[in-house]
Amino acid sequence: PPLDDELARSASEFETLDALREEIESRLRAALDAELDSEFRAAAVDKVVEASNVDISDALVDTRANDLLAGLLRSLEQRGLNVETYLQVTGQTPEQLRDTVRDDARRSIARELVLEAVADKLGIEVSDDEVNELVRAEAEAAGEDPDEIVAQVWDRGRPDRLRADLRLRKALDAIAADVKRIPAELARARESI
């Protein structure tokens, strides 16, 4: 069909094609901004990790890598895929996959250790109210009853895990807030030097 207002009305809640395009562009912009912010935050904590020279035992890396690999295999299985198909699609050998997972494990542990140290240094604490607020927000976003989900979290003894995650998130917020953003071109120029 032609791209016109009639198509916009029949395919969406919008009355005009321009309104539909604006909404799509807005969603894409928001998704891109979120992705860029996530990359910025990861780069910021990675620079702190780099500067801190965190030393992680191979046994700890192996344990985390095994957990990550098991999670990947479960995810593939839930999607009806097997590891052989995944390796073919990604163009990796089993050894390359294992190396990638080990690198991811080492990076995530180093990030956690640095964020824990930052949280300790800044005296970051997370209250029960903050945990409840997080659970409520996530429940509402998922279209679930916030009161019921909050009760489940406390009944199942999961608030400590959420508290720890929120504490690390606050530490990451503090790091990101202290880093001055620069244009991508300037960052690339710095890296090439």
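Residues numbered from 1 in each chain as written. Predicted model: local features only at pLDDT ≥ 70, side-chain atom pairs only at ≥ 80, totals over all residues. Heavy atoms only, no water.

Colleague: Explain the overall build of the protein to me, please; I cannot follow it from the model alone.
Modeller: In terms of regular secondary structure, the protein is built from nine helices and zero strands. Tracing the protein from N to C terminus, the helices and strands come up as α-α-α-α-α-α-α-α-α. The globule rule puts the C-alpha radius of gyration for 193 residues at 16 Å, and the 22 Å found for the protein is more than 25% above it. By residue count, 24% of the 193 residues in the protein fall in the buried class. (Helix = DSSP H or I, 4+ residues; strand = E, 2+ residues; numbered from the N terminus. Rg over C-alpha atoms; globule rule 2.2 N^0.38 Å. Buried < 20%, exposed > 50% of the residue type's maximum accessible area, 1.4 Å probe, protein only.)

Colleague: What is the right way to read the pattern of salt bridges from this model?
Modeller: Two side chains that carry opposite charge are able to pair once their charged atoms sit near each other. Evaluated as defined, the whole model comprises 16 salt bridges. Across the salt bridge formed by Arg111 and Asp46, the nearest N and O atoms sit 2.7 Å from each other. Of this pair, Arg111 sits in helix 5 (residues 94-122) while Asp46 sits in helix 2 (residues 17-52); the two residues are 65 residues apart in sequence, bridging distant segments of the chain. Using a relative accessible area of 24% as the deciding quantity, one classes Arg111 as partly exposed. Among the residues examined, Asp46 registers a relative accessible area of 26% and is labelled partly exposed. Its salt-bridge partner being Asp58, residue Arg102 comes within 4.0 Å of it at the nearest N-O pair. In this pair, Arg102 is assigned in helix 5 and Asp58 in helix 3 (residues 58-78), connecting sequence segments 44 residues apart. Residue classification places Arg102 among the partly exposed positions, given a relative accessible area of 22%. Bridged by salt links that share partners, the residues Asp58, Asp62, Arg102 and Arg106 form one connected network. (Salt bridge = Lys/Arg side-chain N within 4 Å of Asp/Glu carboxyl O.)

Colleague: Whenever I open this one, helix 4 (residues 83-90) confuses me. Can you help?
Modeller: Residues spaced three or four apart along an α-helix face the same direction, because each turn holds 3.6 residues. The backbone nitrogen of Glu84 lies 3.2 Å from a side-chain oxygen of the residue at the head of helix 4, namely Asn82. Count one or two residues on from helix 4 and you reach Gly91, which has phi positive near 70°. (Polar contact = N/O pair within 3.5 Å; in protein donor to acceptor, adjacent residues only side chain to side chain.)

Colleague: Help me understand the packing of helix 5 against helix 8 (residues 159-178) in this model?
Modeller: Helix-helix packing is characterised by the crossing angle of the two axes and by the distance between the axes. Two numbers describe how helix 5 lies on helix 8: the axes approach to 8 Å, and their chain directions differ by 80°. Taken as axis vectors, helix 5 and helix 8 run roughly perpendicular relative to one another. Across the interface between the two elements, Glu112, Leu115, Glu116, Val118, Ala119, Asp120 and Leu122 from helix 5 touch Arg167, Leu168, Ala171, Leu172, Ala174 and Ile175 from helix 8. When its residues are assigned to classes, the contact of helix 5 with helix 8 shows nine nonpolar, no polar and four charged. (Axes fitted to C-alpha atoms, helices over the stretch in contact; angles between N-to-C directions. Parallel < 35°, antiparallel > 145°, perpendicular 65-115°, else oblique. Contact = heavy atoms within 4.5 Å. Nonpolar A, V, L, I, M, F, W, Y, C, P; charged D, E, K, R; others polar.)

Colleague: I would appreciate a short explanation of the packing of helix 3 against helix 5 in the present structure.
Modeller: Direction vectors running N to C along helix 3 and helix 5 enclose 115°, while the axes themselves pass 8 Å from each other. Note on packing geometry: the crossing formed by helix 3 with helix 5 is right-handed. For the pair helix 3 and helix 5, contact is made by Asp58, Leu60, Val61, Asp62, Arg64, Ala65, Asn66, Leu68, Leu69 and Leu72 and by Leu97, Arg98, Val101, Arg102, Asp104, Ala105, Arg106, Ser108, Ile109 and Glu112, respectively. Looking at the contact of helix 3 with helix 5 residue by residue, the classes come out as 10 nonpolar, two polar and eight charged. (Left-handed = near helix turned anticlockwise from the far one by under 90°.)

Colleague: What is the right way to read helix 6 (residues 128-141) from this model?
Modeller: Between the first and last C-alpha of helix 6 there are 20 Å, a value that for 14 residues agrees with the 20 Å anticipated at 1.5 Å per step. All of the buried residues along helix 6 are Val131, Asn132, Leu134, Val135 and Ala139. Within helix 6, the buried residues cover an arc of 160° as seen down the axis, which keeps them to one side. Exposed side of helix 6, more than 90 degrees from the buried face: Asp129, Glu133, Glu140 and Ala141 are the residues found there. Looking at the buried positions of helix 6, the neighbouring elements they touch are helix 7 (146-155) and helix 8. Immediately downstream of helix 6, the backbone of Gly143 shows phi near 75°, a positive value. (Expected span 1.5 Å × (residues − 1). Arc of directions from axis to C-beta.)

Colleague: Even after reading the chapter, I still don't get the side chain of Asn132, so can you show me in this structure?
Modeller: Secondary-structure assignment places Asn132 in helix 6. Of the polar contacts made by the side chain of Asn132, one reaches the side chain of Trp154; its length is 2.6 Å. Filtering out sequence-adjacent residues up to four positions away, Asn132 remains in contact with Val150 and Trp154.

Colleague: Hey, could you run me through the nonpolar core in this one?
Modeller: In a soluble, globular protein the nonpolar side chains are often hidden away together inside. Ranked by size, the top nonpolar core spans 22 residues in total, and within it Val45, Leu115, Ala171 and Ile175 carry the most contacts. The set of elements that each furnish at least two residues to this core consists of helix 2, helix 3, helix 5 and helix 8. Top contributing element to this core by residue count: helix 5, with nine residues. In this structure, Leu115 is in contact with Val45, Leu168, Ala171, Leu172 and Ile175, ignoring residues within four places of it in sequence. In this structure, Val131, Leu134, Val153 and Leu166 belong to the second largest nonpolar core, which totals 10 residues. (Core = buried A, V, L, I, M, F, W, Y, C linked by side-chain atoms within 4.5 Å.)

Interpretation note: all reported values are geometric properties and have no functional meaning in isolation.
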